[in-house]
Amino acid sequence: MSSGFIKTKDGVDIFYKDWGAKAAQPIVFHHGWPLSSDDWDTQMLYFLAEGYRVVAHDRRGHGRSSQADTGNDMDHYAADASAVAEHLDLRNAVHIGHSTGGGEVARYVAKFGQPQGRVAKMVLVSAVPPMMLKTASNPGGLPMSVFDGLRKALADNRAQFYLDLASGPFYGFNRPTEKLSQGVVDNWWRQGMMGGALAHYDGIKAFSETDQTPDLKAITVPTLVLQGDDDQIVPYENAAVLQAKLLKNGTLKIYKGYPHGMLTTHADVINPDLLAFVKG
């Protein structure tokens, strides 16, 4: 099957794609909030052409997966990712996570993938760990008012909120030097509106309040950490910089002027860097 569904232990249907030769090394992609596996189209086609098996799934409550009203938290996200990996029996895999997907990858690798011996390497791109929320132990985080604002915007008018986010800070289209791509904005909006409002609402707590310091400290596989220094969604000093310090085997690369959605806007640079790490 090149795509299909698996059912989790708590009855949620998770959609996945599985392209390429099944004997090839798997590259597994984990998408950001509130998107779907379609956000990885460019990378999946690129790595498929390089001879890899490429796999991605829609997180619960996102894309084509069930609009679950429970389990919209990092523990379930990781367990769902593990269910896909176990169903497809993925081994020697490289797991790549963007934004919230980076949190999902870190929890998956620490709790499931590494103990099961399924993971070769890991990549965090513009990822949310160790924690986005400002607390006494995380003074560089963002105040709760930021995330309360996201929740209010979603509840008031989700469709307009998603248009504003995609056409503004997510891809850096609000910068005077950047040219807005309507197709990119429309595709972001399409993916977001496919998912469930409740899952996306609950997901804000998941990506902002989950402390993943223990996950990062537990990970020993080689890990590449990538982020742009003009990321207006996840400030890089409290994300990529801290990730590299907490990881036992991390390599950090910061891209000058790149936005949160740099996998789309700068795929011509990021994809070869990902390939070099996978091959290295």
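Please refer to the structure placed before this passage.
From a predicted model like this one, the values you see are computed outputs, not experimental measurements. (Residues numbered from 1 in each chain as written. Predicted model: local features only at pLDDT ≥ 70, side-chain atom pairs only at ≥ 80, totals over all residues. Heavy atoms only, no water.)

**Some remarks on the environment of Trp-189**
Part 1 of the argument: Relative to the helices and strands, Trp-189 is located in helix H5 (residues 182-194).
Part 2 of the argument: Judged by relative accessible area, which is 32%, Trp-189 ranks as partly exposed.
Part 3 of the argument: The spacing of Trp-189 and Ser-167 is 22 residues in sequence and 9.6 Å in space, taken between C-alpha atoms.
Part 4 of the argument: Residues within four places of Trp-189 in sequence aside, it is in contact with Ala-159, Tyr-162 and Leu-163. (Helix = DSSP H or I, 4+ residues; strand = E, 2+ residues; numbered from the N terminus. Buried < 20%, exposed > 50% of the residue type's maximum accessible area, 1.4 Å probe, protein only. Contact = heavy atoms within 4.5 Å.)

**Let's talk about the packing of aromatic side chains**
Part 1 of the argument: Tallied over the full model, the rule gives 16 aromatic pairs.
Part 2 of the argument: Ring plane angle 70° and centroid distance 5.7 Å describe the contact between Phe-47 and Tyr-52, whose orientation is recorded as edge-to-face. Like Tyr-52, Phe-47 is buried.
Part 3 of the argument: Arranged with centres 5.1 Å apart and planes meeting at 5°, the rings of Tyr-255 and Tyr-258 form a pair that is stacked. For the pair Tyr-255 and Tyr-258, one class covers both residues: buried.
Part 4 of the argument: The structure contains a cluster of three or more aromatic residues connected by ring pairs, namely Trp-33, Phe-147, Phe-161, Tyr-162, Phe-170, Tyr-171, Phe-173, Trp-188 and Phe-207.
Part 5 of the argument: One residue, Arg-59, lies across the ring of Tyr-77, its end atom 5.1 Å from the ring centre. (Phe/Tyr/Trp six-rings, centres within 6.5 Å; stacked < 30°, edge-to-face > 60°. Lys NZ or Arg CZ within 6 Å of the ring centre and 35° of its normal.)

**Observations regarding the environment of His-30**
Part 1 of the argument: In this fold, His-30 is placed in strand S3 (residues 26-30).
Part 2 of the argument: Its relative accessible area of 1% is what places His-30 among the buried residues.
Part 3 of the argument: Separated by 193 residues in sequence, His-30 and Thr-223 place their C-alpha atoms 15 Å apart.
Part 4 of the argument: Contact partners of His-30, with chain neighbours within four places excluded, come to Trp-40, His-57, Arg-59, Ala-81, His-95, Ile-96, Gly-97, His-98, Gly-101, Glu-104 and Val-105.
Part 5 of the argument: Engagement of the side chain of His-30 in a polar contact is seen with the side chain of His-95, the distance being 2.9 Å. (Polar contact = N/O pair within 3.5 Å; in protein donor to acceptor, adjacent residues only side chain to side chain.)

**Observations concerning the packing of helix H4 (residues 144-167) against helix H6 (residues 197-209)**
Part 1 of the argument: Interhelical geometry of H4 versus H6 gives an angle of 155° and a closest axis separation of 10 Å. Between H4 and H6, the crossing angle belongs to the class labelled roughly antiparallel. As for how H4 packs across H6, the hand of that crossing is right-handed. Seen from H4, the contacting residues are Met-144, Phe-147, Leu-150, Arg-151, Leu-154, Ala-155, Arg-158 and Tyr-162; seen from H6, they are Ala-197, His-200, Tyr-201, Ile-204, Lys-205, Phe-207, Ser-208 and Glu-209.
Part 2 of the argument: Grouping the amino acids of the contact of H4 with H6 by side-chain chemistry returns ten nonpolar, two polar and four charged. (Axes fitted to C-alpha atoms, helices over the stretch in contact; angles between N-to-C directions. Parallel < 35°, antiparallel > 145°, perpendicular 65-115°, else oblique. Left-handed = near helix turned anticlockwise from the far one by under 90°. Nonpolar A, V, L, I, M, F, W, Y, C, P; charged D, E, K, R; others polar.)

**Structural notes on the pattern of salt bridges**
Part 1 of the argument: Under the definition given, this model contains 21 salt bridges.
Part 2 of the argument: Notably, a salt bridge pairs Lys-7 with Asp-13, separated by 2.9 Å at the nearest N-O pair.
Part 3 of the argument: Since its relative accessible area comes to 56%, Lys-7 is described here as exposed.
Part 4 of the argument: Accessibility expressed as a relative area gives 27% for Asp-13, which makes it partly exposed.
Part 5 of the argument: Its salt-bridge partner being Arg-118, residue Asp-89 comes within 3.1 Å of it at the nearest N-O pair. Pair noted here: Asp-89 is in the loop between helix H2 (74-87) and strand S5 (93-98) and Arg-118 is in the loop between helix H3 (100-113) and strand S6 (119-125), with a separation of 29 residues, a long-range link.
Part 6 of the argument: For Arg-118, a relative accessible area of 9% gives the class buried.
Part 7 of the argument: When salt bridges that share partners are traced, they join Lys-17, Asp-38, Asp-41, Asp-58, Arg-64 and Arg-190 into one network. (Salt bridge = Lys/Arg side-chain N within 4 Å of Asp/Glu carboxyl O.)

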